[in-house]
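# Per-entry structural report
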Amino acid sequence: MKSPPLLRQGALVSALADDSVHLWNLRQKRPAILHSLKFSKERITFCHLPFQSKWLYIGTERGNIHIVNVESFMLSGYVIMWNKAIELSTKAHPGPVVHISDNPMDEGKLIIGFESGIVVLWDLKSKKADYRYTYDEAIHSVAWHHEGKQFICSHSDGTLTIWNIRGQGKPIQTITPHGKQPKDGKKPEPCKPILKVEYKTTRIGEPFMILSGGLSYDTVGRRPCLTVMHGKSTAVLEMDYPIVDFLTLCETPYPNDFQEPYAVVVLLEKDLVVIDLAQNGYPIFENPYPLTIHESPVTCCEYFADCPVDLIPALYSVGSRQKRQGYSKKEWPISGGNWGQGTQSYPEIIITGHADGTVKFWDASAIMLQVLYKLKTAKVFDRNRSKEDKGSTETSDEDPFAIQIMAWCPESRMLCVAGVSANIIIYRFSKLEVTTEVVQLLEVRMQYELNDIESPDGGEQALPTPGASPQTSGPPSHPSTSSNNSDGGNMPCLKVRSTPLKQSAGYQVDLVVQLVWVSGEPPQQITSLALNSSYGLVVFGNSNGLAVVDYVQKTVVLNLGTVELYGSNDPYQRQPRSPRKTRQPSGGLCDINEGSATSEDRCKSPTSVLMSNSNLQQFYNGGGRGAKMSRKLSLPTELKPDLDHRDNSFSRSRSSSVTSIDKEAREAISSFHFSDTFARKGDSTLTPCLYVGTTLGTVLALALTLPPAGEQRQLQPVILSPTGMLVRLKGSIMRMALLDSTGSMLPPAFEPWFEPNVTADGEEREKVRKRRPVSVSPSTSQDLNESQYAVVCSEKQAKVMSLPSQTCIYKHSITEASFILRADVVQMSQGVCLACFCANGHIMTLSVPGLRPLMDVNYLPLTDMRIARTFCFTNLGQAMYLCSPTEVQRITYSQDTCENLQEMLGELFTPVETPEAPNRGFFKGLFGGGAQSLDREELFGEISSGKASRSLAQHIPGPGGLEGMKGAASGVVGDLARARIALDERGQKLGELDERTAAMMASADSFSKHAHEMMLKCKDKKWYQF
């Protein structure tokens, strides 16, 4: 509904679909409702607030017009009834009110448009209709010429009619902007309705007619358009989304002056576009605000606070080059409000992954959200696949490129994304454009078969593309796993493009890793992902096992089933799993419910990482492509089927027994952590290590043997060797981190960023690429044997292990009745803590290493799977999630941020001087003919119009008034805020008084001058000469 602003009042009126009208106070940093009016007997169809007026006209579905005083928000007794407005001009009801506006030159004349095609010019003083205009097509909108002698109507048949206010019979002109004109002089063919028209004049040149809709019916599939008619030229501007409304920005706010339009603001369903009318071709202004967070549904996101300071400028630099050309050369024309003055200055970045395969980087520092850079991962793949490639699948109707998990190293700027089609893409950041002749590809086969109880080893094998020689340190694969190629044994879900790929500055693909079908079975979805730029490794896992890729040498260095990580120390009694019969692939290529077990089998155990569709479908708005896509998205942890209700109730307990796995041999990989630590019990030296967490609550360690930096790193293999189990917890492992002996967080080692496309000599490049080791100095600790702590958090509990003795020194049960959806070990200003978001809505923080509860707030019950998929904590007490398909909700659990929040918030309202009213001229002032004013107070006030019917609308005081603020605020801050508002209002009233005094003095001056001139002319004349 329409929302007119109140001039210089810092207020806004909004009409809602439930027939209530709100008055908003925009003077405070958090806008609040001052008053509400709820109509009970009539439905609101149109609102109009004249310039510099406090009386709001409200048109209704019954055809009546009510008048509201916006200061008191009370109805006036003055009502324009539909039957009085039309009288005997028509026998039928005229329909709802679709337009109300006053004559620009006479405030006492009101034009009323009824849907059926009747327009009435109403005299407010005499309370009767002056003229009535009838047309045989329904009206959608009306607009005035600034001189008040003509108006224009838009109709449902795609026509515009122009009327003289004194000519009642027929319109003086009928225009069909998009209709084909027949040669025989007949009426043009009808077009689609013109939903809105605006008529704006200029001092020099032709007027502008701007309209939405009105296209010909034969333009099937054409996008929504805005039409700009200026003189003999007609420009049709196509929009990306349906048009909700538009507004023309003009040089003057006064309706009785030449409008001089310079821009059009177009509100679309998913965007806001501003068009420059002053430049040829009508280019759009570059929009500084992000309105496209969800142009493709968000499937995952990550949040990084306190990033390297050069990161945002680097991303902005490459992102600004992506912007398409053809923008207006002028600055963004909307300039209201002021930024907040917060002291929070550290860089924050949000990364969102989308269903169409795009990844967006956003500057989220302080309270802003500005898009920096957009990466399209789908460019790596061929989109046009033949029918033979597709087989019997329906992937084309779904989102095969959707992003599932992202891993990012801010220091090295390395990015790794995993898609729902079981593909991983590794990107390097470059400031230079490059053309990649052949996209590097590794194909990996991950299979899990327990064919008999004596042979527990699964069959896994890495099959890289020719030319890449993987160093596999896993066991020799079973011959049977490579003998089924005739049944799609080596078929990836997506085909990597074979043509050269031009990569602009920004993120450029370094390597693509694809899991392929094995024995007619599609690959399992990737459940966890991690990268380490210092080691040059990417690791990913699913319900079959894990694979480690060396992206420096472009090889697979390890491909192991989960069982093989345990070796002979497997604590679980696993049942043998019989091999499935070979079957033809069916359903979606990447449909997670079409894997190597039925969906019923998969959901039997709490160790499964797959979810039932009903929860996942809630992640989208529901239906359509979103509902199909939902089958392919899974959380890193499972939700037990007995919790899997349509109402998404997560309050019941989950069975997370770690003693048996109930006939299901699947144990998925749920998390990874790279670090330099003590790989084995009793070690005295730090070695590169990889910790692996599983859905059964086990943490396993793998020791890394890395070749020396430099040329050796390119040639010698990386060796990984399992070193056994570190600890077991209840529930799936969510997060792991390492602390030094003082309790400070040990970040993983990283390689500083370098330009990958530079052609420097070898020595210089090696200096840049030299690995930065983690600065851990055990000698500073008194006890050399206990120099690190490992923090491990699962869905149910947290433990702190002392290294290298591998003894548990602290243990805390976080939740029994519920389970944790997200946990992060975060750096706060005063130290380190463990932050958890629980499925029952609680946000909890624990101290580390002591695991003492610091905070437990019942924040938000989990009612939507979108929240579960997108919730993430980051450093310095910040967190975020998607609370709706189009909104990012940021929250803080930091006292520092809470104290600064009021200063960080911007101000919407900034007082602006009202432009000078147009000069009426001496003769117009003397003989009339200028704009006629109206004393609305006298006309609509209670004394002359009486009281309104109480049953028509109910007045509801809002919480945002001064009284509400008095109740909410307390102490010095509240007093200061009240005093400031009172001073603002007093200052504004004094300013208005000054203006009125100055206007009166100018008027008196002018009168004195004219009187003196008349006196000089007349003083020597005789009486008979007059």
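None of these values were measured; they are calculated from a predicted model.

Per the secondary structure count, the protein includes 16 helices and 55 strands. Put simply, the protein has 1026 residues, and 52% of those count as buried. In the protein, of all internal contacts separated by at least 6 residues, the share reaching a separation of at least 24 is 59%. Of the roughly 47,700 Å² of accessible surface on the protein, a fraction of 52% belongs to carbon and sulfur atoms.

Take the nonpolar core next. The biggest cluster of nonpolar side chains holds 36 residues, and the ones touching the most others in it are Phe361 and Tyr507. The element best represented in this core is helix H2 (residues 311-322), accounting for 5 residues. If sequence neighbours within four positions are ignored, tyrosine 507 has contacts with Leu315, Phe361, Tyr373, Leu375, Trp408, Arg413, Met414, Leu415, Tyr427, Arg428 and Phe429. Counting residues in each nonpolar core, the second largest holds 26 residues, with Ala422, Ile424, Ile526 and Val538 among its members.

Before going further, it helps to spend a moment on unusual backbone geometry. For the bond from leucine 803 to proline 804, the omega torsion is 10 degrees, close enough to zero to count as cis. Note the cis peptide between valine 848 and proline 849, where omega equals 5 degrees. Mapping proline 849 onto the fold places it in the loop between strand S50 (842-847) and strand S51 (853-858). Notably, lysine 127 is not glycine yet its phi reads approximately 60 degrees, a positive angle. Position of lysine 127 among the secondary structure elements: in the loop between strand S11 (118-123) and strand S12 (128-134). In this structure lysine 127 comes out as partly exposed when scored by relative accessible area, which is 38%.

Relative to the elements of secondary structure, glutamine 525 occurs in the loop between strand S35 (506-515) and strand S36 (528-532). Separated by 3.0 Å, the side chain of glutamine 525 and the backbone oxygen of valine 420 make a polar contact.

As for its placement among the helices and strands, phenylalanine 837 is situated in strand S49 (residues 831-838). By relative accessible area, phenylalanine 837 is classed as buried at 0%.

Of all 6 residues making up strand S19 (residues 225-230), 5 are buried, and the element is well covered by its neighbours. Relative to S19, strand S18 (residues 208-213) runs antiparallel, the two sharing 5 bridges. Residue leucine 211 lies in a different strand from S19, and its bridge partner there is threonine 227. Between the end of S19 and the start of strand S20 (residues 233-238), which pair antiparallel, lie 2 residues, with glycine 231 showing a positive phi angle near 65 degrees.

This brings us to the packing of aromatic side chains. Two descriptors summarise a pair of aromatic rings, namely the distance from one centre to the other and the angle between the planes of the rings. Under the counting rule described, the total for this entry stands at 23 aromatic pairs. A centroid spacing of 5.6 Å and a plane angle of 65 degrees characterise the contact between phenylalanine 361 and tryptophan 408, whose relative ring orientation is edge-to-face. Of the two residues, phenylalanine 361 is situated in strand S26 (residues 358-363) and tryptophan 408 in strand S28 (residues 403-409); the sequence distance between them amounts to 47 residues. A relative accessible area of 9% places tryptophan 408 in the buried class. With 6.1 Å between their ring centres and 25 degrees between their planes, phenylalanine 381 and phenylalanine 401 make a pair best called stacked. Taken together, the residues phenylalanine 381 in the loop between strand S27 (370-376) and helix H3 (387-390) and phenylalanine 401 in the loop between H3 and S28 connect sequence positions 20 residues apart. Looking at phenylalanine 401, the relative accessible area reads 14%, which means it is buried. Within the aromatic cluster, the residues linked to one another by ring pairs are Phe304, Phe361, Tyr373, Trp408, Phe429, Tyr507 and Trp753. Over the ring of phenylalanine 246 we find lysine 196, and its NZ or CZ is 5.0 Å from the ring centre. Stacked on the ring of tryptophan 753, the Lys or Arg arginine 413 has its end atom at 4.3 Å from the ring centre.

The subject of this paragraph is the pattern of salt bridges. Any two side chains of opposite charge can pair, on the condition that their charged atoms come close. According to the stated counting rule, one finds 21 salt bridges in the structure shown. The salt bridge partner of aspartate 276 is lysine 330, with a shortest N-O separation of 3.7 Å. Linking aspartate 276 in strand S23 (residues 272-276) with lysine 330 in the loop between H2 and strand S25 (348-354), this pair joins segments that are 54 residues apart in sequence. By relative accessible area, which is 0% here, aspartate 276 ends up buried. Through salt bridges with shared partners, a single ionic network connects Glu302, Arg735, Arg822 and Asp824.

Within the secondary structure, glutamate 107 sits in strand S10 (residues 106-114). Taking the C-alpha atoms as reference points, glutamate 107 and leucine 124, separated by 17 residues in sequence, lie 8.6 Å from one another.

For H2, which comprises 12 residues, the first-to-last C-alpha distance of 17 Å matches the rise-based estimate of 16 Å (1.5 Å per residue) to within 8%. Of the residues making up H2, those classed as buried are Leu311, Ile312, Ala314, Leu315, Val318 and Gly319. Projection of H2 onto a plane perpendicular to its axis shows the buried side chains occupying an angular sector of 160 degrees, all on one side. In this structure, the buried residues of H2 make contact with S25, S26, S27, S28, strand S30 (423-430) and S35.

This brings us to the sheet that holds S27. On the basis of which strands lie adjacent, the open sheet formed by 4 strands has the order S24-S25-S26-S27 and antiparallel pairing. The two strands at the open ends of the sheet, each matched to only one other strand, are strand S24 (298-305) and S27. Here the strands of the sheet are splayed against their neighbours by 20 degrees on average, with no regard to which way each runs. Bridge count for S24 against S25 is 7 bridges, and the pairing is antiparallel.

A few words now on the pairing of strand S54 (residues 887-892). Sheet topology note: the strand S53 (residues 878-884)/S54 ladder contains 6 bridges and is antiparallel. Bridged to tyrosine 881 within S54 is glutamine 889. In textbook terms, the turn of a hairpin is the stretch between consecutive antiparallel strands, and for S53 and S54 this stretch comprises 2 residues.

Looking now at the UniProt feature "repeat: WD" (unreviewed entry) in the protein. Per the UniProt annotation, the sites labelled "repeat: WD" (unreviewed entry) are residues 132-166. Secondary structure content for residues 132-166 is 0% helix and 57% strand, while the C-alpha to C-alpha distance between its ends is 10 Å.

Right, let's get into the side chain of threonine 698. Mapped onto the elements of the fold, threonine 698 is located in strand S42 (residues 698-705). A polar contact is formed between the side chain of threonine 698 and the side chain of tyrosine 566, at a distance of 3.0 Å.

Spatially, the 4 strands line up as an open sheet ordered S44-S45-S46-S47, and their pairing is antiparallel. In this open sheet, the two edge strands, each paired with only one partner strand, are strand S44 (733-740) and strand S47 (807-813). Neighbour to neighbour, the strand axes of the sheet diverge by 15 degrees on average, direction disregarded. The pairing of S44 with strand S45 (residues 788-794) spans 7 bridges and is classified as antiparallel. Each bridged residue has a counterpart across the sheet, and for leucine 739 the counterpart in S45 is tyrosine 789.

The rules we used
Residues numbered from 1 in each chain as written. Predicted model: local features only at pLDDT ≥ 70, side-chain atom pairs only at ≥ 80, totals over all residues. Heavy atoms only, no water. Helix = DSSP H or I, 4+ residues; strand = E, 2+ residues; numbered from the N terminus. Buried < 20%, exposed > 50% of the residue type's maximum accessible area, 1.4 Å probe, protein only. Contact = heavy atoms within 4.5 Å. Areas by Shrake-Rupley, 256 points an atom, 1.4 Å probe, with all protein chains shown as cover. Core = buried A, V, L, I, M, F, W, Y, C linked by side-chain atoms within 4.5 Å. Polar contact = N/O pair within 3.5 Å; in protein donor to acceptor, adjacent residues only side chain to side chain. Pairing = 2+ DSSP bridges. Phe/Tyr/Trp six-rings, centres within 6.5 Å; stacked < 30°, edge-to-face > 60°. Lys NZ or Arg CZ within 6 Å of the ring centre and 35° of its normal. Salt bridge = Lys/Arg side-chain N within 4 Å of Asp/Glu carboxyl O. Expected span 1.5 Å × (residues − 1). Arc of directions from axis to C-beta. Axes fitted to C-alpha atoms, helices over the stretch in contact; angles between N-to-C directions. UniProt positions renumbered as here; feature names shortened; annotations may be inferred.

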